[in-house]
There are 2 protein chains.
Amino acid sequence: MTSNRKFILKKRPQGTPKQEDFELITENIPDLDNGSILIRNHFISLDPAIRGWLDDAPSYLPPVKIGDSVRATAIGQVEASKNNNFKPGEWVLGLNGIEEFSIVEEGGFTAHIDNSIVPSPTNYLSILGAVGMTAYFGLLDAGKPKKGETVLVSGAAGAVGSAVGQIAKIKGCRTIGIAGGPKKCERLIKDYGFDAAIDYRDKDSNSLGKAISEAAPDGIDIIFENVGGEILDASLLSINEHARVVLCGLISEYNTEHKGAKNLWQLIVKQAVIRGFLIRDYAPRFAEGGIEMAKWITDGKINFDEHIEKGIENTFDAFMLLFSGGNNGKLILDIRP
Amino acid sequence: MTSNRKFILKKRPQGTPKQEDFELITENIPDLDNGSILIRNHFISLDPAIRGWLDDAPSYLPPVKIGDSVRATAIGQVEASKNNNFKPGEWVLGLNGIEEFSIVEEGGFTAHIDNSIVPSPTNYLSILGAVGMTAYFGLLDAGKPKKGETVLVSGAAGAVGSAVGQIAKIKGCRTIGIAGGPKKCERLIKDYGFDAAIDYRDKDSNSLGKAISEAAPDGIDIIFENVGGEILDASLLSINEHARVVLCGLISEYNTEHKGAKNLWQLIVKQAVIRGFLIRDYAPRFAEGGIEMAKWITDGKINFDEHIEKGIENTFDAFMLLFSGGNNGKLILDIRP
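What counts, and where the lines are drawn
Residues numbered from 1 in each chain as written. Chains lettered and ligands numbered in written order. Predicted model: local features only at pLDDT ≥ 70, side-chain atom pairs only at ≥ 80, totals over all residues. Axes fitted to C-alpha atoms, helices over the stretch in contact; angles between N-to-C directions. Helix = DSSP H or I, 4+ residues; strand = E, 2+ residues; numbered from the N terminus. Parallel < 35°, antiparallel > 145°, perpendicular 65-115°, else oblique. Left-handed = near helix turned anticlockwise from the far one by under 90°. Contact = placed C-beta atoms within 7 Å. Nonpolar A, V, L, I, M, F, W, Y, C, P; charged D, E, K, R; others polar. Buried ≥ 20, exposed ≤ 12 C-beta atoms within 10 Å, placed from the backbone. Arc of directions from axis to C-beta. Expected span 1.5 Å × (residues − 1).

Asker: Help me get a handle on the packing of helix 2 (residues 130–143) of chain A against helix 3 (residues 159–170) of chain A, residues and values and all.
Answerer: Residue and element names in this part refer to chain A. Interhelical geometry of helix 2 versus helix 3 gives an angle of 45° and a closest axis separation of 8 Å. One way to sum up the angle between helix 2 and helix 3 is to call them oblique. Taken as a pair, helix 2 and helix 3 cross one another with a handedness that is right-handed. Counting all contacts with helix 2, which are made through Val131, Gly132, Thr134, Ala135, Tyr136, Gly138 and Leu139, the residues of helix 3 involved are Ala159, Val160, Ala163, Val164, Ile167 and Ala168. Along the lines of polarity and charge, the residues of the contact of helix 2 with helix 3 split into 10 nonpolar, three polar and no charged.

Asker: Now, about helix 4 (residues 182–190) of chain B: what can you tell me, with residues and values included?
Answerer: The α-helix winds at 3.6 residues per turn, so residues separated by three or four positions along the chain end up facing the same way. Residues and elements named next belong to chain B. Among the residues making up helix 4, those that are buried are Lys184, Cys185, Arg187 and Leu188. Axial view of helix 4: buried residues confined to an arc of 155°, hence all on one face. Pointing more than 90 degrees away from the buried face of helix 4 are the exposed residues Pro182, Lys183 and Lys190. Of the surrounding elements, those touching the buried residues of helix 4 are strand 9 (174–179) and strand 10 (196–199).

Asker: Just give me the short version of the interface of chain B and chain A, but keep the residues and values in it.
Answerer: Taken together, the contacts link 25 residues of chain B with 25 residues of chain A. If you list the elements that add at least two residues to the side of chain B that touches chain A, you get helix 7 (265–269) and strand 13 (273–276) of chain B. A per-class count over the side of chain B that touches chain A returns 14 nonpolar, six polar and five charged.

Asker: Describe helix 3 of chain A, and please don't skip the residues or the numbers.
Answerer: Residue and element names in this part refer to chain A. Over its 12 residues, helix 3 runs 17 Å from end to end, which matches the ideal 16 Å to within 8%, given 1.5 Å per residue. Most of helix 3 is tucked away, with 10 of its 12 residues classed as buried. At its buried positions, helix 3 is contacted by helix 2, strand 8 (150–154), strand 9 (174–179), strand 11 (220–225) and strand 15 (330–334).

Fair warning: the whole summary comes from geometry, so function is off the table for now.
Laid out in structure tokens, this is it:
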């Protein structure tokens, strides 16, 4: 146990990331400083946000440096410790990297997790982690749904979107989901309880706008936006007065030269709000959200799916599933040897 | 006094309005029904919002019908009345039309104005009317400026923008104005007290973004947006965490196939908000805003300009000044014979 395979950023992607923008290297593990811990990462959370961290642009975290492991949330076990708060063998979650072993210095972000209360430790990367909490606080805190309102969710078959739809139903809203392809749309209705599903893949922006307005005869009060681009634009045409758009992600815009939102005028005439949402600042309230979410899961009110790929050597292909829509549920990479 | 010249909508403009989309016609004035009043319009407020009312699109007011006078706010005198609340000779303000005479039915929107307390009745179409109130409530209520914050205003030499900049200064903010051409930029500094002025005309989107970030070394806390398009996009790159974008107008996008906002991702990473603003719902609070604004004007803290064009036969050319940036101050059409 002295070598460490790391999935590093070799050069910054232009548009869609390519295999050659990254490299899987093997390094020796240096000795630990006092206060530091060595974590063996088992499961890596592959998230759209990672794409943003690869760009050299102003953001809420510094860009991943060329030559560094690509940043990602990971779950693992303490392998060695020079810190009294962490003992070898303990399970932890942290913002580490796509690498077999991570060294975290004193004061770094690492939290203990309790595997005895969840069916799988991976749940801390999905429904009980940032994904589930994004759905919970994004919808309830930023969107403020009221009973009887209509909630439109894009990327609705995704990890965040599917949870948003189910929480909105619990709160008494009518839910409309947008997803890519008939299979995903079927899952929206059957697995996640959406009242209506719209397949964007066979539609241009006009027919998408028409499908949305037909699915929302009373107009849309909340858009939970994961996708952006033409989908956001088409959705804006059906908003009601004082609508709230929770801007959680813009995955359609991250890799490509996109067209941009042309229907912002709807915000003026409807006195509506777009609120950019980051889960980061809600971390102190995760316990509150986790307790309620766990209750809903136990009561069978929330279904969630995890899509687990295997092998650090398959990182690139696994990551790209996010952009092709190839994953079914929260995308997680199992890098255990 | 039985004939009425009316500037009517002949067909809906595609993109930039053309002279032939309108017609100046002469009609006889019908007899008044009980409860109705006949108003002789003296001054017409020419506003960017009028462009939106010409489209057959969902909005906060129904589209102007083909064959109807183009809707506009107007000031005039009661010419004849079958309504006990209005007597001939009284001055009134209402959402009438671009026409010499308007008939307003009982319950229509018409308010008395008191010309004894203003230098000119046209002030009710500018600083003490919807324009001034848009600046006042848009900045203070939707933008919520705090002392020491940086406020960026686009269309800063315009009627709304120039007032926003001055109110922001009164509230202790640093103000940056964007306008078209060196003359307007000079007025921003000299007449409206902006701390910095940026001329967008000689800049592409990259150099505009650079100019904004240089003018706002501490970042931007509030964008008061009147223009949209590339200007909004460039501005978003410099926002601070929890920035507020007051979306008041998008004049650059009303007539042309535009590129759309591509930098909405900044809202996510900065947890920022775009709030669409309409002055309509603030009407009950106009007195509150008017009193404070009048005090600032008396104290010499707010300068405002009115650009008055003459003649209903010149309506089209006057209206188009809004889109070429040819007006200096609130654009008003004097249609007195």
